[in-house]
Amino acid sequence: MAGGFITTEAGASAPEFPARLTKQVIICTIISAFGGFMFGYDIGISGGVTSMDSFLKKFFPTVYVKKHQAKTNNYCKYNNEYLQLFTSSLYLAAIIASFFASLVTKRFGRKPTIQIASILFIIGAILNAAAENLATLIAGRMFLGAGVGFGNQAVPLFISEIAPARYRGGLNICFQLLITFGILSANIINYGTSKLVPYGWRLSLGGAAIPAIVLLVGSFIIVETPTSLIERGKNEEGYSTLKKIRGVDDVDKEYAEIVNAVEIAKQVKHPFRSMMSRRNRPQLICGSLLQFFQQFTGITAVVFYAPVLFLTMGFKDNASLLAAVMANVVKPIGTVVAILVVDRIGRRILLVQAAIQMLISQCAIGGILAVHLNATNTVGREYCILVIFFICVFLAGFAWSWGPLGWLIPSEIFPLEARSSAMFITVSMNMLFTFILAQTFLTMLCHMQSGIFFFFGGWLLVMCLFAVFLLPETKGVPIDEMNDRVWKKHWFWKRYYLDQQHQEKIVE
């Protein structure tokens, strides 16, 4: 609201730019967030098809044989490097693609980057659905990964730049909400296609093209962000677009703020070098740690391989897929909670509360499996239900905290001159740690057995301490004023700006 005020962590009040939550912003957010649906669908679909016998028999016959051998160690049935490569290759491609996406985002805009993501994802889905050998299957995964790299680079940044500051958190979390709907949709589709032998897995993998087509068609409706337009010299179009998405005529102050940020950014000839500079180091450290921590909550173990985990416990094929559906129903609900409260109570309290909740859940799951699941038995029905309950508790906590905020916070903390390159680092770090865990989880499960859940629990304790002491609150702060209002006033990170502030006083 015009004339409203926001309060920073340091307690200082600052005027908020006039803005309404317009229909244009809502439509642009929903359409662009389908990039999250693509990502989520792939996360959910890969774990499901790897539990289907027809898929394993065609591409991973050794795993199929081990799966049906009664004497095979429960924790090691799926320990196969090629099966892990099927899941993890996507994230390796995403790391490479995100570098090129950062260049496209800066030079051509956020909107074309989203369009490229859609096209790459469609190609990957077609290759996977038509695959007759492992090489084609992996090639399809690589195209999907490139699409994820471009989409995850552009979408959170796009939403953060079009959203009014007071609504930025909730709108940006729509990206994560669509990820959860993508995962849930994939689980439901896997449950249905698992009965369509022997080609059900083709329908599951090919279905990834549907959200990509929706995003591609919708991308012709959305506007480019004012920041991107002004950044590329289209100032008049940027001004008119800003008025359109804000729903008010009084946008001069926000427009001047964006222009000022663009002018400062133009003075930086090497944005990657600037990102590594001392003044941007706090954001780089926090943004990178958020990506590391997001994956080391153990979400990979729970989501990617949920059907495999349930099979390990003794569920049958269809029952394991149904259990995965049940567990992932809670994620969209938890994400809606985040949308409703993140701009009211802030980011940090959600991260701290959820870290404790997930820590309890991981330890409970690990404890149940340690006591009741050995090498060759199956877990009793009552304990299976208890494990599903704690997985739901874990997923709910992740859905309203480290999941969405792992994308939201990095998209809002960097200054414009380093924003595109910073998102490349952010996406790359996320994909790197996802790749590492996706490629190693089944091996870790084989060797660590139930101890793997205590391993993730230890990291959750570290995350809680990080959020309490080192992560500043960014709620309600305009994206181009983050340095002055947040980082320069944080008890620890302000030391990175003391020299700069001292020089500014001398000049004055």
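Note that the structure is predicted; figures quoted are calculated from it, not measured.

### Section: helix H2 (residues 34–49)
- Helix length check: H2 (16 residues) gives 22 Å between terminal C-alpha atoms against 22 Å at 1.5 Å per residue, within 8%.
- Counting buried residues in H2 gives 15 out of 16 residues, a clear majority hidden from the surface.

### Regarding the packing of aromatic side chains
- A full pass over the atoms with the stated rule returns 26 aromatic pairs.
- Judged by centre distance (5.2 Å) and plane angle (50 degrees), the rings of Phe55 and Phe59 are tilted. Note that Phe55 and Phe59 are positioned in helix H3 (residues 53–59) at a spacing of four residues, about one turn of the helix. A single burial state applies to Phe55 and to Phe59, both of which are buried.

### Considering the nonpolar core
- One finds Phe55, Trp402 and Met431 to be the most contacted residues of the largest nonpolar core, which totals 146 residues.
- It is helix H22 (residues 416–448) that provides the largest number of residues to this core, a total of 15 residues.
- Those residues in contact with Met431 that sit more than four places away from it in its chain are Phe39, Tyr91, Ala94, Ile95, Val148, Asn152 and Trp407.
- Judged by nonpolar contacts, the second largest core, of seven residues, contains Ala117, Leu120, Ala146 and Phe150.

### What to know about unusual backbone geometry
- Cis geometry marks the peptide bond from Val197 to Pro198, where omega comes out at 5 degrees.
- Relative to the assigned elements, Pro198 resides in the loop between helix H8 (168–193) and helix H9 (200–206).
- Notably, Gln449 is not glycine yet its phi reads approximately 50 degrees, a positive angle.
- Mapped onto the elements of the fold, Gln449 is located in the loop between H22 and helix H23 (451–469).
- The exposure class assigned to Gln449 is partly exposed, which follows from its relative accessible area of 29%.

### Quick word on the side chain of Gln362
- Mapped onto the elements of the fold, Gln362 is located in helix H19 (residues 348–372).
- Residues in contact with Gln362, not counting those within four places in the same chain, are Thr297, Gly298, Phe394, Phe453, Phe456, Gly457 and Leu460.

### What to know about the pattern of salt bridges
- According to the stated counting rule, one finds 14 salt bridges in the structure shown.
- Put simply, Arg202 and Glu132 hold a salt bridge, and the shortest N to O gap is 3.0 Å. A residue pair is termed long-range when its members are at least 10 positions apart, and Arg202 in helix H9 and Glu132 in the loop between helix H6 (110–130) and helix H7 (134–162) qualify at 70 residues.
- With a relative accessible area of 15%, Arg202 lands in the buried category.
- Across the pair Lys243 and Asp249 runs a salt bridge, and its minimum N-O distance is 3.8 Å.
- Through salt bridges with shared partners, a single network forms among Lys106, Arg110, Glu161 and Glu231.

How each quantity is defined
- Residues numbered from 1 in each chain as written.
- Predicted model: local features only at pLDDT ≥ 70, side-chain atom pairs only at ≥ 80, totals over all residues.
- Heavy atoms only, no water.
- Helix = DSSP H or I, 4+ residues; strand = E, 2+ residues; numbered from the N terminus.
- Expected span 1.5 Å × (residues − 1).
- Buried < 20%, exposed > 50% of the residue type's maximum accessible area, 1.4 Å probe, protein only.
- Phe/Tyr/Trp six-rings, centres within 6.5 Å; stacked < 30°, edge-to-face > 60°.
- Core = buried A, V, L, I, M, F, W, Y, C linked by side-chain atoms within 4.5 Å.
- Contact = heavy atoms within 4.5 Å.
- Salt bridge = Lys/Arg side-chain N within 4 Å of Asp/Glu carboxyl O.

So far we have only geometry, and geometry alone does not tell us how the molecule works.
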